[in-house]
Amino acid sequence: MRLNKLVMSVATLAVVSSGLLADTSAMDVEKVFEKECQGCHGPNHEGGVGSDLRPAVVAKKNSYALADTILNGRAGTAMPQFKEKFSKADADKMVDYIQHFKGKKIDTLTLDAVKSGWKKLNDRMAFFTKYPNPTDVVRNTDICFVTERDAERVAFVDGTNGKILSKHPAGFAVHVTVTNKRQPRYAYSISRSGLVTMFDLNTPGQQKIAEVQVGSDSRGLAVSPDGKFLMAGNYVPGGAILMDAMTLEPLKVYPTSSVIKANGDIDSSRVAGIFDTPYGPYIAFALKDGGHVYIVDYSKPNYPIVGDIPNIGEILHDGFLNEGKEIGRYLFIASQGSDVVGVVDFKTKSLVTKIYTGPSSKPHPGQGSSWYNEGLRQQLGATVNMNLGQVTIWDSNFDVIRQIPTAGGGLFIGTSEHTPFLWADNVIGGESAWNQIHLINKQTLELDRILTVGTEKGTITHPVTHKVMHEWKVPTVKDKDGKVLTPRILHAEPANHGHWQMVSEWNAGRIGIYEAETGKFVKYIEGLTTPTFTYSIEHRQTIPGA
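Residues numbered from 1 in each chain as written. Predicted model: local features only at pLDDT ≥ 70, side-chain atom pairs only at ≥ 80, totals over all residues. Heavy atoms only, no water.

A. Geometry of the sheet that holds strand 33 (residues 489–495). Read from one edge of the open sheet, four strands run 33-34-35-36, paired in antiparallel fashion. Single-partner strands in this sheet number two, and they are strand 33 and strand 36 (521–525). Mean inter-strand twist for the sheet, computed between neighbouring axes without regard to direction, equals 25°. Inspection of the sheet shows strand 33 paired to strand 34 (residues 500–505) by six bridges, in the antiparallel sense. Following the sheet pairing, I489 is matched in strand 34 by E505. (Pairing = 2+ DSSP bridges. Helix = DSSP H or I, 4+ residues; strand = E, 2+ residues; numbered from the N terminus. Axes fitted to C-alpha atoms, helices over the stretch in contact; angles between N-to-C directions.)

B. View of the packing of aromatic side chains. Summed over all chains, the structure comprises 23 aromatic pairs. Between F82 and F86 the ring centres are 5.0 Å apart and the planes differ by 25°, which places this aromatic pair in the stacked class. We classify F82 as buried; its relative accessible area is 8%. Aromatic rings pair up to connect F320, Y330, F332, W394 and F398 into one cluster. Positioned above the aromatic ring of W506 is the side chain of R488, whose terminal nitrogen or guanidinium carbon lies 4.7 Å from the ring centre. Against the face of Y524 rests R510, its NZ or CZ located 4.5 Å from the ring centre. (Phe/Tyr/Trp six-rings, centres within 6.5 Å; stacked < 30°, edge-to-face > 60°. Buried < 20%, exposed > 50% of the residue type's maximum accessible area, 1.4 Å probe, protein only. Lys NZ or Arg CZ within 6 Å of the ring centre and 35° of its normal.)

C. Quick peek at the environment of W500. Secondary-structure assignment places W500 in strand 34. The exposure class of W500 is buried, given its relative accessible area of 11%. For the pair formed by W500 and C37, sequence separation is 463 residues and the distance between their alpha carbons is 34 Å. For W500, the residues in contact, after removing those within four places along its chain, are G159, T160, N161, G162, E493, P494, A495, I513, Y514, A516, V522 and K523. (Contact = heavy atoms within 4.5 Å.)

D. The arrangement of the sheet that holds strand 27 (residues 413–414) in detail. The strand order 27-28-29-30-31-32 describes an open sheet built from six strands, whose pairing is antiparallel. Unpaired on one side and paired on the other, strand 27 and strand 32 (468–473) mark the two borders of the sheet. Where strand 29 (residues 436–441) lies against strand 30 (residues 447–453), five bridges are found, and the strand directions are antiparallel. Paired with Q436 across the bridge in strand 30 is T452.

E. Structural detail: the nonpolar core. Counting residues in hydrophobic clusters, the biggest one holds 45 residues, and the most contacted among them are Y188, V196, V214, L221, L230, M243 and L248. Counting residues per element, this core draws most heavily on strand 6 (residues 186–191), which supplies four residues. When neighbours within four sequence positions are excluded, L248 is seen to be in contact with W118, Y188, V196, T197, M198, A210, E211, V212, L230 and M243. Counting 19 residues, the second-largest nonpolar core is a separate cluster that includes L53, L66, F82 and V95. (Core = buried A, V, L, I, M, F, W, Y, C linked by side-chain atoms within 4.5 Å.)

F. Main features of helix 5 (residues 88–99). Here helix 5 is twelve residues long and its end C-alpha atoms lie 17 Å apart, about the 16 Å a rise of 1.5 Å per residue gives. When helix 5 is considered as a whole, its buried residues turn out to be A89, D90, A91, M94, V95, Y97, I98 and Q99. (Expected span 1.5 Å × (residues − 1).)

G. Representation of the pattern of salt bridges in the model. Counted under the stated rule, the structure contains 17 salt bridges. One salt bridge in this structure joins D52 and R54, with 2.6 Å as the shortest N-O distance. Exposure remark for D52: the relative accessible area of 22% places this residue in the partly exposed category. When the shortest N-O distance is used, the salt bridge between K457 and E471 registers 3.9 Å. Of this pair, K457 sits in strand 31 (residues 457–461) while E471 is found in strand 32, placing the two residues 14 residues apart along the sequence. Accessibility expressed as a relative area gives 46% for K457, which makes it partly exposed. Through salt bridges with shared partners, a single ionic network connects E148, R153 and K167. (Salt bridge = Lys/Arg side-chain N within 4 Å of Asp/Glu carboxyl O.)

H. Structural detail: the packing of helix 4 (residues 63–72) against helix 5. Look at helix 4 against helix 5: their axes get within 9 Å of each other, and the N-to-C directions meet at 120°. As far as their axial angle goes, helix 5 and helix 4 are oblique. Helix 5 is crossed by helix 4, and the crossing has right-handed handedness. Every residue of helix 5 that contacts helix 4 at S63, L66, A67, I70 and L71 is listed here: K88, A91, D92, M94, V95 and Q99. (Parallel < 35°, antiparallel > 145°, perpendicular 65-115°, else oblique. Left-handed = near helix turned anticlockwise from the far one by under 90°.)

I. Structural context of the environment of L111. On the secondary structure map, L111 appears in helix 6 (residues 111–115). Sequence separation between L111 and G408 is 297 residues, and the spatial gap between their C-alpha atoms is 42 Å. The contact partners of L111, leaving out residues within four places of it in the chain, are P250, L251, K252 and V253.

J. Local environment of unusual backbone geometry. Cis peptide bonds are those with omega within 30 degrees of zero, and the linkage from V236 to P237 qualifies with -15°. When you line up the elements, P237 lands in the loop between strand 10 (229–236) and strand 11 (239–244). In the Ramachandran plot, K349 falls in the positive-phi region, its phi being about 55° despite a non-glycine side chain. You can see K349 is positioned in the loop between strand 21 (340–345) and strand 22 (350–356). The phi dihedral of F398 is positive, around 70°, even though this residue is not glycine.

K. Spotlight on the pairing of strand 2 (residues 143–148). With six of its six residues buried, strand 2 lies for the most part within the structure. By the alternation rule, side chains of strand 2 split into I143, F145 and T147 and C144, V146 and E148, which are all buried. One ladder, built from six bridges, connects strand 2 with strand 3 (residues 153–158); its direction is antiparallel. Pairing of T147 across the sheet is with V154, part of strand 3.

This is the structure we're talking about:
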């Protein structure tokens, strides 16, 4: 009798431990946290854009409520739903992992470690000789990058006709793409998994030249205006990496494993935004957790840090540079923990002021918007905000002059000389808002029209009269279970010599193309996997620090 019970118990234990029962999870929660959660919540769960998840904060919180947040997200914040990826048991297991997290040691960034991940893939000079001109397009500046997040790829698209030219594996959740403005045949990407890749756009299929694994969790990337240097920013191990832009050879690392934070504590910091400027031989990088911006002078021997601007705010993230007079002199850097945009002066290497975007706003300008307003006779700047449906606009005195309501929190706001509008997405605003782009008139500073992509049709409507100005048919998209999806749209990028705006449809696998002048629908680029960030090489040639 006892033997039979023992056999049954062992058998039951085997089934449970193998994850075959409905209420168990086989998820490797630590790996999943690193991949899906660490970017917002931090490698040691210390928080950032996301909440502080250390046991001292969450251990006594209701585990059912925490699991519900994981599965269903939190409206009005950057916290997404994971119910499509996680089972209830997965969520429960993640909560248990978070509430009992013991912490982990983060390695210090070293040059030797980065150099060990450097690989030459093709002979750059052989390509340079063989392909003096682009083979797939008329001009290599016609090409647009598309990041295919979940496919771990970058795609290259002809921005004059929408044709997909090639696709390349480039690491998990490719985050940023940039081009070498001095030699625009060379372009670069960085993935959240820390892989930097260099491409030659003149070659058939835009072949890779080199790659380097700079870390395990990365975000930012920038090329010096002279075309000689590339800098990447790491979350893990924290720091920045300076590379030769022609080979990707690592030249110097700037570890941030021990920095003085705004509260006086000495701790590690992630590095988020990386910014080059035409104003001087500088590349700046932002200490996400430290609240500093460091300025590197790449024209001097050993590439020293020549500026340290502290106390900008908590959780520094993305930013952009001023246009117009003294182009590139000022860096507008978002502090998402303090709800400000810091204004860093490359000339004086100091903090000029802080632009307050509003309580709990969490500014996220993406690559920002800067334009000249004829009526005010001033260069203006703008950001969207993650937690509030509003666009914040400031003048050349760095005073906020307008807060324009939108439908929900956004990630990107963009414009160009060819469109009369600021194109502001609402992609963080929940399903009722994330299928809208708000088009704000750059001269009147009023909401001019709303672009909405529905499940069956799209519209351009007037925000006051609600009159439909344009309408088009939208192919319905369903998920794997047959549920109709509301397109989640973001990041409007100029293309086709400024005639088009390319809008990514994250969950629909396509890019919508719209007339820059009117917002009127043109056509779709199909056959993409979770397209998010787009980058027009021609447009970015004229934008400082982009």
